[in-house]
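Here's the letter readout for the chains.
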Amino acid sequence: MVDIEALDHEKFTDRACDLARIAGERGDGPYGSLLVVDGEIIMEETNREVTDDDLSLHPELTLARRAAQELDEETAREAVMYTSTEPCPMCSTGMAYAGLGAVVYSVSGERASELRGGGTGGIPSDEVFDRLDADIEVIGPVLQTEGEAVHEAF
């Protein structure tokens, strides 16, 4: 199991927000994510829904797919997803299937929906993980003000 307390959540969450800005500046929704194993970034991704015309190209799901293909089961359990916004149900399901160990987010799905002008934010990621009996630790919000600023900018 991942030692979540030993990681620098602010450093990695800040990088996820940087990736979200890159996506927003490119014309995609402002979402960015990265995977960390043993305190090192092993993968990064930005939202590419508009750029690649594929509604499934959320950064969390893209990284979950890559983790399932590229990481062995033990390494996946040690992987922590840092993301600018709490994963949606689709992405949370992908993370559960990939067997990741934890997720740390900046802005909750509910708060992101409020900032976008409506909606409920869907099902919180911890509820999705519980329904799937996935042992994925959820931490957030971290650097919420910074994450909100990304949503407000785009």
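In case you missed it, the structure is sitting above this.
What comes next is a walk through the structure. On a predicted model such as this, the values are computed, not experimentally measured, just so you know.

1. What to know about the side chain of Glu-45
- Structurally, Glu-45 can be placed in strand 2 (residues 40–46).
- The side chain of Glu-45 sits in the buried core without any salt bridge; Arg-66 is the nearest counter-charge, 4.9 Å away.
- The residues touching Glu-45, leaving out its near neighbours within four places in the chain, are Leu-19, Gly-32, Ser-33, Pro-59, Thr-62 and Leu-63.

2. Comments concerning the pattern of salt bridges
- In this structure the tally under the stated criterion is 8 salt bridges.
- Where Glu-44 meets Arg-15, a salt bridge forms, and the shortest distance between an N and an O atom there is 2.8 Å. Of this pair, Glu-44 sits in strand 2 while Arg-15 sits in helix 1 (residues 9–26), and the two are 29 residues apart along the sequence.
- According to the relative accessible area criterion, Glu-44 is partly exposed, its value standing at 29%.
- With a shortest N-O distance of 3.6 Å, Arg-77 and Asp-135 are connected by a salt bridge.

3. Focus on the environment of Arg-65
- By the secondary structure assignment, Arg-65 is in helix 2 (residues 59–70).
- Residues Arg-65 and Ala-98, spaced 33 residues apart in sequence, show a C-alpha to C-alpha distance of 7.0 Å.
- Aside from chain neighbours lying at most four places away, what touches Arg-65 is Ser-56 and Leu-57.

What counts and how
Residues numbered from 1 in each chain as written. Predicted model: local features only at pLDDT ≥ 70, side-chain atom pairs only at ≥ 80, totals over all residues. Heavy atoms only, no water. Helix = DSSP H or I, 4+ residues; strand = E, 2+ residues; numbered from the N terminus. Buried < 20%, exposed > 50% of the residue type's maximum accessible area, 1.4 Å probe, protein only. Lys, Arg positive; Asp, Glu negative; His and termini not counted. Salt bridge = Lys/Arg side-chain N within 4 Å of Asp/Glu carboxyl O. Contact = heavy atoms within 4.5 Å.

The values are spatial; any link to function lies outside them.
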